Amino acid sequence: MTAQQWRGVIEEYRELLDIPEGTPAVTLREGGTPLVDSGWLSGLTGANVWLKVEGNNPTGSFKDRGMTTALSVAVHEGAKAVVCASTGNTSASMAAYAAKAGVKPLVLVPEGKIAAGKMAQAIMHGGQVIMVRGNFDDCLRMARELSEKYPVALVNSVNPYRLQGQKTASFELVDFLGDAPDYHFLPVGNAGNISAYWMGYTEYEKLGRSTKRPVMRGFQAAGSAPLVNGAPVENPETKATAIRIGNPASWDLAMNAKNESGGSFKAIEDEDILAAQRLLATKDGVFVEPASAIGVAGLLQAVEAGEDFTGKTIVITVTGHGLKDTATALEGFGPLVDVVVDADVDAAAAAAGLV
Ligand SMILES: *Cc1c(COP(=O)(O)O)cnc(C)c1O
């Protein structure tokens, strides 16, 4: 018998995706990511806490789920070039899928605000990277206009096929857990992902594959929290660059997810985000990029505020891999190697505190 490998989100869930019939899949076998139990957070909360580790996708973030659908449809409809605005991961993902499909990737990023790993990905996959003196929101406006005036397909999450691919993450969760969780915690930037999860949960409940939908809790960085403030943020600032977005494109869909689920949007300070990132790495062995740790920081704050999660099931989506932005991760540690000894075993043992 030959082993079957995961086929990617289009072939695994094609009948549930609203994409043109017969669209050939451009895939790097994204999705099928692990749901890892967090012994640390379960112990702390008395709940069953699961991490949906989206850093295990082909380019290291959940963006691949929506990129397989967006690129597949764009190519099926004849696109020769694709464009996106990006805080880093969308461009990394788009460039990889464009390379696979043989179309030209055009990337608009805010100058100086992209993590080095993500920039390297876009460039290595052949992306034409254009830096903009402006923020993400400026880049998105330009990408939209480029796609209206020139023959390039827009693959930001305003492209509805992106959400079609991204909603498969909730399908996977329910398929694994046997039902929807009680709570779902995740970071919110442009707000496509929370909208896609809610769409997926809603569809699965309608199909009778789950008995309920979770309470959706979205988290934004304090310096970039338009959905918490109820108004766009002119100059968003945060070290969690993946969610440094002042005017989310999927604002209304995200509000709807919050309201229908009885959920909330909360703001978290950068230092709490970075502390959660370190805790997750040291206690659970899961290294995520800063933005991805914000759901964990949100749960820690809820517990500190006295909220009781005993016996509940909580899923936290950790959205991207820690290796994408090692500079921010290491900032708090001082010199990388702070102990140097002679090439002598006893000296090493003494330095390690073994004697
Ligand atoms: C894109 C991204 C987010 C934010 O997702 P939205 O759909 O824009 O809300 C969060 N974390 C990471 C790592 C991302 O790449």
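Residues numbered from 1 in each chain as written. Predicted model: local features only at pLDDT ≥ 70, side-chain atom pairs only at ≥ 80, totals over all residues. Heavy atoms only, no water.

We count it as follows: UniProt positions are given in the numbering used here, feature names are shortened, and annotations may be inferred rather than shown by experiment.
The name recorded for the protein chain in an unreviewed UniProt entry is Threonine synthase, from Nocardioides yefusunii. One UniProt comment on the protein chain, placed under Cofactor (unreviewed entry), says "pyridoxal 5'-phosphate".

### Here we look at unusual backbone geometry
Here is the rule: Under the scheme applied here, a residue whose accessible area is under 20% of the maximum for its type counts as buried, over 50% as exposed, and between as partly exposed, the area being computed with a 1.4 Å probe on protein chains only. A run of DSSP states H or I qualifies as a helix once it reaches four residues; a run of E qualifies as a strand once it reaches two. Both are numbered from the N-terminal end.
Of note, Arg29 is a non-glycine position whose phi angle comes to about 65 degrees, a positive value. Residue classification places Arg29 among the partly exposed residues on the basis of a relative accessible area of 39%. We note that Ala191 has phi near 75 degrees; this positive angle belongs to a residue other than glycine. In this fold, Ala191 is placed in the loop between β7 (183–187) and α9 (192–206). Note on Ala191: relative accessible area 3%, which makes it buried.

### A look at the site of the ligand
Rule in force here: Whether a residue is near a molecule or strand depends on its heavy atoms: if one lies within 4 Å, it is near. Distance and chemistry together define a polar contact, namely a pair of N or O atoms within 3.5 Å, with one atom able to donate a hydrogen and the other to accept it when in protein, and with adjacent residues in sequence counting only for side-chain atoms on both sides. Reported accessibility uses the Shrake-Rupley method at a 1.4 Å probe radius. Residues are deemed covered only where the shown protein chains occlude them. Only Asp, Glu, Lys and Arg are considered charged, only Ala, Val, Leu, Ile, Met, Phe, Trp, Tyr, Cys and Pro nonpolar, and every remaining residue, Gly among them, polar.
Surrounding the ligand, one finds 16 residues, the nearest of these being Lys63, Asn89, Gly189, Asn190 and Thr319. The contact in question runs from an oxygen atom of the ligand to an N or O atom on the backbone of Asn190, over 2.8 Å. Between Thr319 and the ligand, the recorded distance is 2.7 Å, taken from a side-chain N or O atom to a nitrogen atom. Taking 380 Å² as the accessible area of the ligand by itself, protein coverage stands at 97%. Considered class by class, the residues forming the shell around the ligand number 6 nonpolar, 8 polar and 2 charged.

### Concerning the nonpolar core
Rules: Throughout this description, the term nonpolar core refers to a set of buried Ala, Val, Leu, Ile, Met, Phe, Trp, Tyr and Cys residues connected via side-chain atoms within 4.5 Å. In what follows, residue pairs with any heavy atoms lying within 4.5 Å of each other are defined as contacts.
Among the nonpolar cores identified, the biggest contains 31 residues, and Ile314 and Ile316 are the most heavily contacted of them. Of all the elements in the fold, those that place two or more residues in this core are α2 (39–45), β2 (48–53), β7, β8 (215–221), α12 (270–284), α13 (294–304) and β10 (313–318). At 6 residues, the largest contribution of residues to this core is made by α13. Excluding its chain neighbours within four sequence positions, the residues that come into contact with Ile314 are Ala47, Asn48, Val49, Trp50, Tyr183, Phe185, Leu299 and Phe309. Ranked by size, the runner-up nonpolar core spans 25 residues in total, among them Ala191, Ile194, Trp251 and Val315.

### Topic: the pairing of strand β5 (residues 128–132)
Our working rule: We treat two strands as partners when DSSP finds at least two bridges between them. By the criterion used throughout, a crossover qualifies as right-handed when its path from the first strand across the helix to the second strand runs clockwise, the strands pointing away from the viewer.
Here strand β4 (residues 104–110) runs beside β5; their pairing, made up of 5 bridges, is parallel. The residue of β5 that forms the bridge with Val107 is Val129. For the handedness criterion, the β-α-β arrangement of β4, helix α5 (residues 116–124) and β5 is classed as right-handed.

### Focus: the sheet that holds β7
Convention followed: Axes, fitted as lines to C-alpha atoms, cover a helix only where it is in contact. Angles between the N-to-C directions of the axes lie from 0 to 180 degrees.
In spatial order, the strands read β1-β2-β10-β7-β8-β9; together these 6 strands make up an open sheet with mixed pairing. Edge positions in the sheet fall to β1 (35–37) and β9 (264–268), since each of these pairs with one other strand and no more. Mean inter-strand twist for the sheet, computed between neighbouring axes without regard to direction, equals 25 degrees. Pairing of β7 with β10, which is carried by 3 bridges, proceeds in the parallel orientation. Counted as the bridge partner of Phe185 is Ile316 from β10.

### A look at the side chain of Gln166
Tracing the backbone shows Gln166 in helix α7 (residues 160–166). Looking at Gln166, the relative accessible area reads 1%, which means it is buried. Leaving out residues up to four positions away in the same chain, Gln166 has contacts with Phe62, Arg65, Gly66, Gly192, Asn193 and Ala196.

### Here's the deal with the UniProt feature "domain: Tryptophan synthase beta chain-like PALP" (unreviewed entry) in the protein chain
Feature annotation in UniProt places "domain: Tryptophan synthase beta chain-like PALP" (unreviewed entry) on residues 26–320, given in this structure's numbering. Helix makes up 44% of residues 26–320 and strand 17%, and the two end C-alpha atoms of the span are 21 Å apart.

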